[in-house]
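As a plain string of letters, each chain reads:
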Amino acid sequence: MATIPLSQIPESGASIIEVEGKRVLVCRNGNAVLAMDETCPHQDLSLEGARVRRGSLFCPHHGARFSLEDGRSLSPMTDCPLKFYPVAVSGEEVEITL
Ligand code: FES
């Protein structure tokens, strides 16, 4: 588990943080804060630099698009979803559990 300040998560876009020695991608979808495995299910490449736009996350490598509602793939290049981790927001703190 790790606790980070809400301010560390960009209003748009995504950041990589480390939780228990593991790289985790964090981003927002509207008012929701999300944490997920930082590798893309398409070819297991890092999602660092991914774009977040209108409820979707776009992989920087080949452009696969994933829903930030449930992680499902919205591109034909993979059927595998993003792997989300539990997040709890309390005031200005975000708790992420692997
Ligand atoms: S590695 Fe993400 S789209 Fe190919």
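Computed from a predicted model, the values in this text were never measured in an experiment.

Account for the overall build of the protein chain, with residues named and values stated.
Helix and strand counts for the protein chain come out as zero helices and 10 strands. When its helices and strands are written in sequence order, the protein chain yields β-β-β-β-β-β-β-β-β-β. Computed over the C-alpha atoms, the radius of gyration of the protein chain is 12 Å, within 12% of the 13 Å expected from 2.2 N^0.38 for a compact globule of 98 residues. For the protein chain, with 98 residues in total, the buried portion stands at 42%. Here the analysis covers contacts within the protein chain between residues at least 6 apart in sequence; of these, 37% occur between residues at least 24 apart. Counting only carbon and sulfur atoms, one obtains 46% of the accessible surface of the protein chain, whose full area is about 5,400 Å².

Give me the side chain of Ser56: which residues, what numbers.
For Ser56, the position within the fold is in strand β6 (residues 56-58). Judged by relative accessible area, Ser56 falls into the buried class, the value being 2%. Not counting residues up to four positions away in its chain, the partners in contact with Ser56 are Arg51, Arg65, Phe66, Leu68 and Leu74.

Tell me about the sheet that holds strand β8 (residues 84-85), residues and numbers included.
Pairing is antiparallel across the open sheet formed by four strands, whose spatial order is β2-β3-β4-β8. The open sheet has two edge strands with one neighbour each: β2 (14-19) and β8. Summarising the sheet, strand β3 (residues 22-29) and strand β4 (residues 32-37) pair through six bridges and their orientation is antiparallel. Residue Leu25 lies in a different strand from β4, and its bridge partner there is Met36.

Kindly report on the pairing of strand β10 (residues 93-96), identifying the contributing residues and their values.
Residues Val94 and Ile96 line the buried face of β10, whereas the alternating positions Glu93 and Glu95 sit on a face that is not buried. With four bridges joining them, strand β1 (residues 2-5) and β10 adopt antiparallel strand pairing. Residue pairing across strands places Ile4 opposite Val94, the latter belonging to β10. Pairing geometry for strand β9 (residues 87-90) and β10, over four bridges, is antiparallel. Opposite Ser90, over in β10, you have Glu93 as the bridge partner. Hairpin connection from β9 to β10: two residues lie between these consecutive antiparallel strands, with Gly91 at a positive phi of about 60°.

Residues and numbers for the pattern of salt bridges, please.
Tallied over the entire structure, the rule returns five salt bridges. The partner of Asp37 in a salt bridge is Lys22, with the nearest N and O atoms 3.3 Å apart. With Asp37 in strand β4 and Lys22 in strand β3, the pair connects residues that are 15 residues apart, well separated along the chain. Relative accessible area serves as the criterion here: at 14%, Asp37 is assigned to the buried category. The residue Asp70 makes a salt bridge to Arg72 at a minimum N-O spacing of 3.0 Å. For Asp70, a relative accessible area of 44% puts it in the partly exposed group.

So, how was this worked out
Residues numbered from 1 in each chain as written. Predicted model: local features only at pLDDT ≥ 70, side-chain atom pairs only at ≥ 80, totals over all residues. Heavy atoms only, no water. Helix = DSSP H or I, 4+ residues; strand = E, 2+ residues; numbered from the N terminus. Rg over C-alpha atoms; globule rule 2.2 N^0.38 Å. Buried < 20%, exposed > 50% of the residue type's maximum accessible area, 1.4 Å probe, protein only. Contact = heavy atoms within 4.5 Å. Areas by Shrake-Rupley, 256 points an atom, 1.4 Å probe, with all protein chains shown as cover. Pairing = 2+ DSSP bridges. Salt bridge = Lys/Arg side-chain N within 4 Å of Asp/Glu carboxyl O.

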